[in-house]
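An overview of the molecular structure
Now for the letters of each chain:
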Amino acid sequence: MVTKVVDLRSDTVTKPSDAMRAAMAAADVDDDVLGADPTAQRFEAEMARIMGKEAALFVPSGTMANLVSVLVHCDTRGSEIILGDTSHIHIYENGGISSLGGVHPKTLPNNPDGTMDIDKIVAAIRHQDGALYYPTTRLICLENTHANCGGKCLSVEYTDKVGEVAKSHGLKLHIDGARIFNASVALGVPVHRLVRAADSVSVCLSKGLGAPVGSVIVGSKAFIDKAKIVRKTLGGGMRQVGILCAAAYVGVRDTVGKLADDHRKAKVLAEGLKKIKQFTVDLTSVETNMVFFDITDPRISPDKLCQVLEQRNVLAMPASSKSVRLVIHYQISDTDVQYALTCIEKVVEEILSGNVKLEHLTNGTTANSYGH
Ligand SMILES: Cc1ncc(COP(=O)(O)O)c(C=O)c1O
């Protein structure tokens, strides 16, 4: 008998649907490094159309999508980018922009809603007068939704304003849109409108959209031509990649329409957690598919809670030394949400009664790798 696991660690944990597997099996493929894979070409053209940009490029991961984008915009060593201090690019991508691209990060505080203050962005742009000693600002990066800020959405108005700042200073704007479809659905704004101000956007296919592998980068044709070269340099040129694009296409076709339901379930989950008196949850902060809650009772650590939950087949990730992150995706049902809530409640009682043993977490998390 297969035991059901309610996996709330991330929206990256989905298994390919039957329709994805069928599409992979049937995909018409050829060598994409030679520019000949018809399924990859169709998928990239479709993503460019949906995102309202001239061209698109499939890459293996969100990390590579961001890295390629930054390296194309900052093709001179000593370039500087302005980005949030809790952004994924800054925290969780191995500093690749610096180690591989010679790009200097200028971080600004991310507000709880995922924004950076516009006046701080303007003030951070390096002045030409200091060209002898300053790095050169070339790019601003936003993240939408903002994962470390709880999956918050950046509005179209804010994104447009940052785009205006970038344009008026001769800079480019990149959006890490790993979950841009979640933002688009939550805001009720078409995704192409949401990213209109951006010169490039990276979109993860293997998060809320449920594909097994991959991201796309979108931008102008000239940008994507350069991105293709950088992707190859980084080892991201893949041969019969239509196999992966076929699954990703099904994800985009079938899953975007389910994101609103993910967001509804996240709210249900948050409301249930709020009733547990050892936790605090800010219900207004649940805008998309992520729920963060703080544990206020010092006898319950996030590691301990997640470890005991795992014994009941509910997987969750510690987000900090006092908080836990739960993420909804389309393979989580209403019943799963209720099961998780019941287990969490029981586990809290067990821990408080001193009735549990703490072993190693086996869900891929350590105390120092919160919430990637
Ligand atoms: C906001 C954001 N950007 C980029 C990435 C990187 O994606 P990948 O894990 O595919 O490299 C992630 C992954 O969790 C993410 O949450």
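We now turn to the structure provided with this report.

Rules used throughout
- Residues numbered from 1 in each chain as written.
- Predicted model: local features only at pLDDT ≥ 70, side-chain atom pairs only at ≥ 80, totals over all residues.
- Pairing = 2+ DSSP bridges.
- Helix = DSSP H or I, 4+ residues; strand = E, 2+ residues; numbered from the N terminus.
- Axes fitted to C-alpha atoms, helices over the stretch in contact; angles between N-to-C directions.
- Contact = placed C-beta atoms within 7 Å.
- Near = placed C-beta within 6 Å.
- Nonpolar A, V, L, I, M, F, W, Y, C, P; charged D, E, K, R; others polar.
- Buried ≥ 20, exposed ≤ 12 C-beta atoms within 10 Å, placed from the backbone.

By way of backbone hydrogen bonds, the strands of a sheet pair with one another, either parallel or antiparallel. Strand order across the open sheet formed by seven strands is 2-8-7-6-5-3-4, with mixed pairing between neighbours. Of all strands in the sheet, those with a lone pairing partner are strand 2 (55-59) and strand 4 (104-108), marking the two edges. Each neighbouring strand pair of the sheet contributes to a mean axis angle of 20 degrees, computed without reference to strand direction. Strand direction decides the pairing type here: strand 3 (residues 79-84) and strand 4, joined by five bridges, are parallel. When the sheet's bridge partners are listed, Ile82 is paired in strand 4 with Lys106. On the sheet, helix 10 (residues 221-233) packs against strand 2, strand 7 (200-204) and strand 8 (215-219) and is oriented at approximately 20 degrees with respect to strand 2.

Looking at the ligand, there are 12 residues lining it, with Ser61, Gly62, Thr63, His88 and Ala178 nearest. The dominant element in the shell around the ligand, judged by the number of residues it contributes, is helix 3 (residues 62-73), at three residues. Considering only residue class, the shell around the ligand consists of three nonpolar, seven polar and two charged.

Look at the link from Asn144 to Thr145: it is a cis peptide, with omega at 0 degrees. Here the phi dihedral of Asn94 falls at roughly 55 degrees; this positive angle occurs in a residue that is not glycine. As for its placement among the helices and strands, Asn94 is situated in the loop between helix 4 (88-92) and helix 5 (96-99). Looking at Asn94, the number of C-beta atoms within 10 Å reads 11, which means it is exposed. Backbone geometry places Asn313, a non-glycine residue, at a positive phi of 65 degrees.

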